[in-house]
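What follows is each chain in one-letter form.
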Amino acid sequence: MKNILVTGGAGYIGSHAILDLIANNYNVVIADNFSNSSPLVIKKLEELSGKTLPFFDVDIRDKNKLTNIFSTFNFDGVINFAGLKAVGESVEEPLSYYNNNVCGMINLLEVMAEYKVFNLVFSSSATVYGIPDTMPLLETNSMGAINPYARTKKIIEEILRDLAQSSDEWKIIALRYFNPLGAHKSGEIGENPNGIPNNLAPYITQVAAGKLDKLYVFGNDYDTPDGTCIRDYVHINDLASGHTAALNTLLKNYNLKNNFEAINLGSGKGYSVFEIIKNFEAVIGRTIPYEIISRRAGDLDVSLADVSKAKRLLGWEPTYSIKEMCADVWRWQEKNPNGYV
Ligand code: NAD
Ligand code: WQD
């Protein structure tokens, strides 16, 4: 069995990916500093997987602690989910985003090189495309990040590309996620934002649960059929299996032309804000109150993935419908009204 270090593994995407990795016979070691997650996630993952999971409370910028982990285990690969991800916060605190995301990645790469662990899957983002002129988005579109968070992802991708060109030992896949939605079918793990959510789905479920009064829809004057923004929502379990597929590709049947590949993970289908509200209303069985307010700075009218590269290189395809995504989020919200407590 292959040993995989999962950094940022207690977070929303990492926790779901870990369950998929375990189901596919990978041994997982988790490292997280809990800056945006709870230690209770580890307990839940152990219950759901029936395994004891080696876990380290570590900041990926702490080289000594990372070195201790790498000297204890023989890793075949690393998945790095560890990062700060709030766009608005990144505008207010750019240095903490560059420090955490970029310096953290460099630190981890240095320790990986020291221990000759050259297989990496990195959490990138559709935000690296900036303001695109064609849709759906192909990996060949140019990058053009428009805020500090997105620039951390773009800079890291550029670092990874340089590294992969420097030596044939490195094998790296950057997965560009579109809009993750959903929760594990058990309803035991899911997205657990701190404070008032920035993103659409957790905001809607908190309105439905009575924790927030109403949803504020950011603009209905976009160039879309109903005037609200269209996004490519992808089920968190599909996203999770995309990581297993990426690792399989790196470790088992390496068939990448280059040592670095950036690959979109989305559903390839777009839904407007109003369509998402309607899907949640159908699942929950009541109306979601909302008010239309002005546009949010930086929002694109449409963001949509072309996922043919993921199919071609990873053998991966999205499988869940938007209805299932909303139903699974709602199950998680109902079972855990206060998140991980
Ligand atoms: P999350 O905040 O739930 O998970 C990130 C995890 O990393 C958290 O558990 C946090 O405590 C940990 N972490 C942060 N900085 C760390 C550090 N320096 N050392 C150790 N641990 C650290 O976020 P998520 O939604 O699971 O996202 C995972 C990754 O995917 C992030 O890098 C994010 O930028 C990227 N991403 C997320 C989305 C999204 O919409 N959720 C979309 C595209 C890309
Ligand atoms: C979706 C749509 C909003 C909240 C973000 C990050 C991106 C990536 C994924 C990490 C938009 C509208 C939202 C609300 C609303 N993360 N909306 N009222 O902006 O597509 O992507 O998460 O890489 O970097 O920017 O997702 O869920 O915030 O918004 O009307 O209260 O919902 O305008 O059209 P977004 P989102």
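Structure: above.
To start, this report covers the structure provided alongside it. (Residues numbered from 1 in each chain as written. Chains lettered and ligands numbered in written order. Predicted model: local features only at pLDDT ≥ 70, side-chain atom pairs only at ≥ 80, totals over all residues. Heavy atoms only, no water.)

## Some remarks on the overall build of the chain
Link 1 in the chain: Helix and strand content of the chain: 11 helices and 13 strands.
Link 2 in the chain: Taken over 341 residues, the chain has a buried fraction of 55%.
Link 3 in the chain: On the chain, the mean spot of the 32 positive side-chain charges and the mean spot of the 39 negative ones are 3 Å from each other. (Helix = DSSP H or I, 4+ residues; strand = E, 2+ residues; numbered from the N terminus. Buried < 20%, exposed > 50% of the residue type's maximum accessible area, 1.4 Å probe, protein only. Lys, Arg positive; Asp, Glu negative; His and termini not counted. Charge placed at Lys NZ, Arg CZ, Asp CG, Glu CD.)

## What to know about helix H11 (residues 322-335)
Link 1 in the chain: The terminal C-alpha atoms of H11, which comprises 14 residues, lie 20 Å apart, in line with the 20 Å expected from a rise of 1.5 Å per residue.
Link 2 in the chain: Elements that come into contact with the buried residues of H11 comprise strand E7 (179-181), helix H7 (200-208), strand E10 (233-235), strand E12 (271-272) and helix H9 (273-284). (Expected span 1.5 Å × (residues − 1). Contact = heavy atoms within 4.5 Å.)

## Let's talk about the packing of aromatic side chains
Any aromatic ring pair is given by two values, namely how distant the centres are and how the planes are angled relative to each other.
Link 1 in the chain: The full count for this structure, using the stated rule, is nine aromatic pairs.
Link 2 in the chain: A centroid spacing of 6.5 Å and a plane angle of 35 degrees characterise the contact between Tyr129 and Phe178, whose relative ring orientation is tilted. Of this pair, Tyr129 sits in the loop between strand E5 (119-125) and helix H6 (148-166) while Phe178 sits in the loop between strand E6 (171-177) and E7, placing them 49 residues apart in sequence. With respect to class, Tyr129 is no different from Phe178; both count as buried.
Link 3 in the chain: A connected cluster of aromatic rings, assembled from ring pairs, spans Phe56, Phe70, Phe73, Phe75 and Tyr115.
Link 4 in the chain: The positively charged end of Arg295 is found above the aromatic ring belonging to Tyr222, 3.9 Å away from the centroid. (Phe/Tyr/Trp six-rings, centres within 6.5 Å; stacked < 30°, edge-to-face > 60°. Lys NZ or Arg CZ within 6 Å of the ring centre and 35° of its normal.)

## Some points on the site of ligand 1
Link 1 in the chain: As a matter of local geometry, ligand 1 sits amid 27 residues, with Asp32, Asn36, Ser37, Lys85 and Tyr149 nearest to it.
Link 2 in the chain: With respect to ligand 1, the side chain of Asn36 contributes an N or O atom lying 2.7 Å from an oxygen atom.
Link 3 in the chain: Relative to its unbound accessible area of 810 Å², ligand 1 is 94% covered by the protein chains.
Link 4 in the chain: Breaking the shell around ligand 1 down by element, the ones donating at least two residues are helix H1 (12-23), E5 and H6.
Link 5 in the chain: Per element, the largest residue contribution to the shell around ligand 1 is three residues, and it comes from E5.
Link 6 in the chain: Here the shell around ligand 1 is composed, by residue class, of 11 nonpolar, 11 polar and five charged. (Near = heavy atom within 4 Å. Polar contact = N/O pair within 3.5 Å; in protein donor to acceptor, adjacent residues only side chain to side chain. Areas by Shrake-Rupley, 256 points an atom, 1.4 Å probe, with all protein chains shown as cover. Nonpolar A, V, L, I, M, F, W, Y, C, P; charged D, E, K, R; others polar.)

## Observations concerning the pattern of salt bridges
Link 1 in the chain: Evaluated as defined, the whole model comprises 17 salt bridges.
Link 2 in the chain: One salt bridge connects Glu110 with Lys63, and the closest N-O pair in it is separated by 2.4 Å. With Glu110 in helix H5 (residues 94-114) and Lys63 in helix H3 (residues 63-72), the pair connects residues that are 47 residues apart, well separated along the chain.
Link 3 in the chain: When its relative accessible area of 31% is taken as the criterion, Lys63 is described as partly exposed. (Salt bridge = Lys/Arg side-chain N within 4 Å of Asp/Glu carboxyl O.)

## A short note on the site of ligand 2
Link 1 in the chain: Among the 19 residues in the neighbourhood of ligand 2, the closest are listed as Ser125, Thr127, Tyr149, Arg231 and Asp299.
Link 2 in the chain: Separating an oxygen atom of ligand 2 from a backbone N or O atom of Phe218 is a distance of 2.9 Å.
Link 3 in the chain: At 2.8 Å from an oxygen atom of ligand 2 is found a side-chain nitrogen or oxygen belonging to Arg296.
Link 4 in the chain: Protein chains shield 87% of the accessible area of ligand 2, which is 690 Å² for the free molecule.
Link 5 in the chain: Mapped onto the shell around ligand 2, the elements with two or more residues apiece are H7 and strand E8 (215-218).
Link 6 in the chain: Here the element with the most residues in the shell around ligand 2 is E8; it accounts for four residues.

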